[in-house]
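Coordinates in review
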Amino acid sequence: MSDCREVRDGMDGNGPVIGPRSAGPEFQKNFKRLREGVTNAIDPLGMSAPIMHAQLAWLAHPQELAERVMCLSSDLWRLQLHTLNRSMGLPSVDPIAPHEDDNRFVDPVWTEAPTWDLVKEWYLAFTRHTQDMLYDTPALSSKERRRAAFWWRQWLNAMAPTNFLLTNPVALRTAFETRGDSLKRGFQIFLDDMKARDVRMTDPTDFTVGENLATTPGAVVFRNRLLEIIHYAPSQPRVHAEPVVIITPWINKFYVLDLVPKKSMIRFLLDQGLDVFITSWKNPDASMRDVGFDDYLLEGVDTLVRVAREFTGAEKVHAVGYCIGGTALAMYMAWGNRRYGEEAMPVADWTLFTTLVDFHKPGDIEVFIDESSINYLCDKMQRTGYLDGGDMAASFRLLRSNSLIWNYVVSGWLYGEAPSSFDVLFWNMDTTRLPYTMHAWYLRELYLHNRLIQQNVLQVAGESLDLSSIRQPLYAVSAEDDHIAPWRQTFAVNNHVVGNKRFVLSSSGHIFGIVNPVVDPPKRSYWVADAQRSDTADTWLRRAQEHQGSWWEDWMQWLKPRVGAEVDARPVANERFTALSPAPGTYVMER
């Protein structure tokens, strides 16, 4: 069994190699290991160390600290004058306004009632100056600043007056108006959340996979230890000859692309006359601890491509990858061009949804990415054999704690409002586990060392990967407000692959930027233009054209001329690939 930690330079497998000439360097290395060991034991996720570093940095720069104190004093004088005016019943404009996306103080009582207005203003003043000081800390790296600000922000968000009954006027008013019934309902919601060991974002009884979610007709036509392959029944009498294969992320379940019918991308593709195959990944347990990324590529992506070709008799397929499924597809494209050669490569073109290949700046999740945090996570996974899906979900919710945690605490526990019925939130709560070996490798090789963009450095399934060997046409989609895969970083794929490229920037975020059905009138917009290898995100954006509506239509204009002539629609299963179970299959039901 492989250890998650790497052997440091100057170490063999049994410990430090000590000699008279290496006493100095060895002492430094041993001291570094001791410091890392203490850090891993006391602060494995790096929550307190960045804040302490920021405090020490300010103390070491008294001039900058004095300037900041003067700025704070000026703002406090304005706030004190505002407090005096409001206390005397005089009109006064709030000196500090909440951010546009901060919905905690939207109720008029937070502005109209002097007492609650002052509670809000002093809270905002404290949080705003604290955050600004952390972001402006002298002599501290930008990454350390962001980490310090992130962890301090978690405490500031938790301490907001809106989160407590006695300092939330809306909760008090609601309790008075309902004669305490809101508090009774809220306590029951609190108990239900404690039982579920989660702050629930939606009622899990509102949806059932296969009944009102993931209902597109189809069949599982192949199954192995890692995935089920679903082939969907055609909705048109004739389909294009070459199939579309979709590699979904295994950190969530596949039906994000097949939610309720009106949002289903799968149904849209079928209605366009496309023949669709999709992955539904196994929810791994401890028995799959040794499953690695090589297995996901060979038994997952390569198997999907092979089954779709053999089922349809087509020489080529058209591949789509979403999130980590897109990263796996990028690896497969480089691997396949090396293994099969450009002419024999079984994928004619590829499409990426919100996919990172360059992990230099991976977005807000960067606060969890350092040696200490990964060591801690790997040690935890080594004990269990997997990363629990709840841990992954909690990490992503922390990135937007006000909207994804405290919003539901306030509305549920304090206001007594039952969670809304929302298909995307149900899917988000339907988590999956990740096998230890695969995820440890993924975190280290990609997030920590960023080796995918280094030519012939990353070894996968017996081949050295080189993204510049990929010459097949690419259609890549990113989302403007994506905090999981920031669009400027996902754009970097265009700088590494060689073939023709078309890049789309959709409005909205990681999910709704992709689950973006065609509606009238349009709800969203997108920017689109061909991309060159020399482009930056900004140079591309300057020449991109904005369109109202869904990018799905532009994608079809790009894809449909490439997928071959129309043929009679194929049955959902055949003699060679029999229907093992109806869609959505069995793996998606595993908890």
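Residues numbered from 1 in each chain as written. Predicted model: local features only at pLDDT ≥ 70, side-chain atom pairs only at ≥ 80, totals over all residues. Heavy atoms only, no water.

Regarding the overall build of the protein
Put simply, the test is: Numbering of helices and strands starts at the N terminus; helices are DSSP runs of H or I of at least 4 residues and strands are runs of E of at least 2. Values of the radius of gyration come from C-alpha atoms, whereas the globule rule sets the reference at 2.2 Å times the count of residues to the power 0.38. Remark: exposure states derive from per-residue accessible area (1.4 Å probe, protein chains only) relative to the maximum for the residue type, with buried under 20%, exposed over 50%, and partly exposed in between. When charges are counted, neither His nor the chain ends are considered; positive counts come from Lys and Arg and negative counts from Asp and Glu. By convention, the point assigned to a charge is CZ for Arg, NZ for Lys, CD for Glu and CG for Asp.
Looking only at helices and strands, the protein features 19 helices and 19 strands. Its C-alpha atoms give the protein a radius of gyration of 27 Å, within 12% of the compact-globule value 25 Å for 591 residues. Referenced to the eigenvectors of the C-alpha coordinate spread, the extents of the protein come out at roughly 80 × 75 × 50 Å. For the protein, with 591 residues in total, the buried portion stands at 53%. The average position of the 61 basic charges and that of the 73 acidic charges among the side chains of the protein differ by 2 Å.

Focus: the nonpolar core
Nonpolar side chains tend toward joint burial in soluble globular proteins. To be explicit about the condition: We call a set of buried residues a nonpolar core when its members are Ala, Val, Leu, Ile, Met, Phe, Trp, Tyr or Cys and they connect through side-chain atoms within 4.5 Å of each other. What makes two residues a contact is simply this: any of their non-hydrogen atoms within 4.5 Å.
Tyr 255, Trp 350, Trp 540, Trp 551 and Trp 555 are the most contacted members of the largest nonpolar core, which has 138 residues in total. If we ignore the near neighbours within four places in the chain, the residues touching Tyr 255 are Val 209, Leu 213, Ala 214, Phe 426, Trp 427, Asp 430 and Val 588. Residues Ile 96, Trp 116, Leu 124 and Ala 160 belong to the second largest nonpolar core, which totals 15 residues.

Some words on helix 16 (residues 436-448)
In terms of burial, helix 16 is a largely internal element, 11 of the 13 residues being buried. Among all positions in helix 16, only Tyr 436, Thr 437, Met 438, His 439, Ala 440, Tyr 442, Leu 443, Arg 444, Glu 445, Leu 446 and Tyr 447 are buried. Packed against the buried residues of helix 16 are helix 10 (293-312), helix 11 (324-339), helix 12 (371-384), strand 10 (386-387), helix 13 (389-399) and strand 11 (434-435).

Concerning the confidence of the model for the protein
Short version of the rule: Summary of the metric used: pLDDT quantifies the predictor's per-residue confidence within the range 0 to 100.
Here the protein averages 90 in pLDDT, while 92% of its residues score no lower than 70. Note on residues 1-23: pLDDT is under 50 here. Beyond four places in sequence and across chains, it has 39 contacts.

Let's talk about the side chain of Thr 83
As for its position among the elements, Thr 83 is in helix 3 (residues 62-87). The contact partners of Thr 83, leaving out residues within four places of it in the chain, are Leu 118 and Trp 122.

Concerning a nonpolar patch on the surface
Cut-off, in case you're wondering: What goes into a patch is any residue over 30% in relative accessible area without a salt bridge, connected to like charges within 9 Å or, for nonpolar side chains (Val, Leu, Ile, Met, Phe, Trp, Tyr), within 5 Å. Surface exposure here means Shrake-Rupley accessible area, sampled with a 1.4 Å probe, where a residue is shielded only by the protein chains that are shown. Salt bridge, as applied in this entry: a Lys or Arg side-chain nitrogen positioned within 4 Å of an Asp or Glu carboxyl oxygen.
On the surface, Leu 81, Leu 84, Met 88 and Leu 90 cluster together into a nonpolar patch covering about 390 Å² of accessible area. Topologically, Met 88 is positioned in the loop between helix 3 and helix 4 (109-112).

Thoughts on the state of the cysteines
Rules: In plain terms, two cysteine sulfur atoms within 2.5 Å form what is called a disulfide here.
A full pass over the atoms with the stated rule returns zero disulfides. Counting only cysteine sulfurs, Cys 378 is the nearest neighbor of Cys 323, a cysteine outside any disulfide, at a range of 19 Å.

Examining the packing of aromatic side chains
To keep things clear, this is the line we draw: For this analysis, a ring pair means two rings from Phe, Tyr or Trp (six-membered ring only for Trp) whose centres lie within 6.5 Å, classed as stacked if their planes differ by under 30 degrees, edge-to-face if by over 60, and tilted for the remaining angles. For a Lys NZ or an Arg CZ to count as sitting over a ring, it must be within 6 Å of the ring centre and within 35 degrees of the ring normal.
Evaluation of the coordinates by the stated rule reveals 37 aromatic pairs. Measuring from ring centre to ring centre gives 6.2 Å for Phe 359 and Tyr 442, while their planes differ by 85°; the resulting arrangement is edge-to-face. Note that Phe 359 is positioned in the loop between strand 9 (347-353) and helix 12 and Tyr 442 in helix 16, a separation of 83 residues in sequence. With respect to class, Phe 359 is no different from Tyr 442; both count as buried. Through a chain of ring-to-ring contacts, three or more aromatic side chains come together here, namely Trp 250, Trp 281, Phe 293, Tyr 296, Phe 359, Trp 441, Tyr 442 and Tyr 447. Here Arg 433 stacks its cationic end above the ring of Tyr 386, 5.6 Å away from the centre of that ring. When the ring centre of Trp 558 is taken as origin, the NZ or CZ atom of Arg 562, which lies over that ring, is 4.1 Å away.

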